[in-house]
Amino acid sequence: MTPRQIGLLVLLSALWGGVFLLVKYALRDFSAVEVAFFQALIGALGLFVIVSFQGGAARAKLGDILRRPAQALLLGALAIAAPFMLIALGELTVPSGLAGVLVSTTPMFVALFAPLIDSAMEINRRQGAGLAVGLLGVALVVGAHFIGSLGQVLGALALLGAAASGAVSSFIVKLQYKDKGVPASTTSFFALSVGALLTLPVAVITAPRELPGTRAVLAVIALGLLCTAVAFMLYYRLIDNIGEERASLSNYLTPAFALLYGVLLLGETLTVWAVIGLVLIISGAEITLRGAADRSSRREVRTRYRTHPPFH
């Protein structure tokens, strides 16, 4: 990769790692579901502008999505509404850095669910070992930080649920949209739009009566515009320039940025257990994805589901 491409990869990871910091800021004045709603809404508006400039082909593919409302609704729910809400709910009790670590388990859930959805993959011994390593990392993070608090344990489970939901959504993108030539920006725009509609009723009900402060407002704007719309398009550009395999490195750099932001900007404590847990989770995910059973198409299997944009 060229220095410019490396810089874009680091920038993308920094933007996605900033999600967890910005959610913390936004939660000071917005409800958790409001944060999810505004992230989806502002992200959708940003992508709408981008899709509009892509010409008639992108808009025509948007029509293809509209003709399959059931799949579109499911994608919006699993890729946007559920993960965004679960991340915000989890961060009510879990520090932002550790939230980023727990959500980084998405590739593990992809490997775990793959045999149930795609016959090209099955869990062999190597994948089982990778899952065991990753689960040990999760156990260290949860056990070392949250075992004494039921609220934090529930928050950690919510964050793991966000990772699992994002993993399932990757199969929908692959099987229902990517193979049919729908541009990634079009799919993401519609998923964000549906996610905003799904979260709107609860966001209205749970909205605080007081007006939000400037910091919280700027946080949700940055969350939707920079960390969602801009980050998605940057991710797609990286895939075009360096390929899916290298672009997927951002998934492993993101939690490191989340931990860094938490320590520097929120005064969170960086513990040895958090670092060890992160290393084990990332290592477990990589071992699992490398252990694809279909060796004749290992590279295809590894890139098939690992490189969907993390919808968080």
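For the structure itself, consult the block above.
Quick look at the structure, then.

Conventions used here
Residues numbered from 1 in each chain as written. Predicted model: local features only at pLDDT ≥ 70, side-chain atom pairs only at ≥ 80, totals over all residues. Heavy atoms only, no water. Helix = DSSP H or I, 4+ residues; strand = E, 2+ residues; numbered from the N terminus. Buried < 20%, exposed > 50% of the residue type's maximum accessible area, 1.4 Å probe, protein only. Contact = heavy atoms within 4.5 Å. Patch = residues over 30% accessible without salt bridge, like charges linked within 9 Å, V, L, I, M, F, W, Y side chains within 5 Å. Areas by Shrake-Rupley, 256 points an atom, 1.4 Å probe, with all protein chains shown as cover. Salt bridge = Lys/Arg side-chain N within 4 Å of Asp/Glu carboxyl O. Phe/Tyr/Trp six-rings, centres within 6.5 Å; stacked < 30°, edge-to-face > 60°. Axes fitted to C-alpha atoms, helices over the stretch in contact; angles between N-to-C directions. Parallel < 35°, antiparallel > 145°, perpendicular 65-115°, else oblique. Left-handed = near helix turned anticlockwise from the far one by under 90°. Nonpolar A, V, L, I, M, F, W, Y, C, P; charged D, E, K, R; others polar.

### A few points about the side chain of Thr 105
Here's step 1: You can see Thr 105 is positioned in the loop between helix H5 (96-103) and helix H6 (106-117).
Here's step 2: Overall, Thr 105 belongs to the buried group, its relative accessible area being 1%.
Here's step 3: Those residues within four positions of Thr 105 in sequence are excluded, and the remaining contacts are Val 138, Leu 160, Ala 163 and Ile 281.

### Here we look at a nonpolar patch on the surface
Here's step 1: Nonpolar side chains collect at one region of the surface, where Leu 260, Val 263, Leu 264, Leu 265, Leu 270, Val 275 and Val 279 lie side by side and expose about 600 Å² of accessible area between them.
Here's step 2: Looking at the nonpolar patch, the elements with two or more residues in it are helix H12 (250-266) and helix H13 (272-290).
Here's step 3: If you tally residues by element for the nonpolar patch, the top one is H12, at four residues.
Here's step 4: Within the secondary structure, Leu 270 sits in the loop between H12 and H13.
Here's step 5: Residue class for Leu 270 comes out partly exposed when judged on its relative accessible area of 47%.

### Description of the environment of Gly 18
Here's step 1: Structurally, the position occupied by Gly 18 is in helix H1 (residues 3-26).
Here's step 2: Placed 240 residues apart in sequence, Gly 18 and Ala 258 show a C-alpha to C-alpha distance of 6.2 Å.
Here's step 3: Discounting residues that sit within four places of it in the chain, Gly 18 has contacts with Cys 227 and Tyr 261.

### Some points on the packing of aromatic side chains
We describe a pair of aromatic rings using the distance from one ring centre to the other and the angle between the two ring planes.
Here's step 1: This structure, assessed with the given rule, holds eight aromatic pairs.
Here's step 2: When the centroid spacing of 6.4 Å and the interplanar angle of 55 degrees are considered together, the rings of Phe 232 and Tyr 236 count as tilted. Of this pair, Phe 232 and Tyr 236 are both found in helix H10 (residues 214-242), four residues apart, which corresponds to roughly one turn of the helix. Here Phe 232 and Tyr 236 have matching classes, each one buried.
Here's step 3: Joined through ring pairs, the aromatic side chains of Trp 16, Phe 232, Tyr 235 and Tyr 236 make up one cluster.

### Points about the packing of helix H2 (residues 32-53) against H10
Here's step 1: Axis separation between H2 and H10 bottoms out at 8 Å; the angle between their running directions is 45 degrees. In terms of their interaxial angle, H2 and H10 are classed as oblique. Handedness of the crossing formed by H2 with H10: right-handed. Of H10, the residues touching H2 (which contributes Val 35, Phe 38, Gln 39, Ile 42, Gly 43, Gly 46, Leu 47 and Ile 50) are Val 220, Ile 221, Leu 223, Gly 224, Leu 225, Thr 228, Ala 229, Phe 232 and Met 233.
Here's step 2: Looking at the contact of H2 with H10, its residues break down into twelve nonpolar, five polar and no charged.

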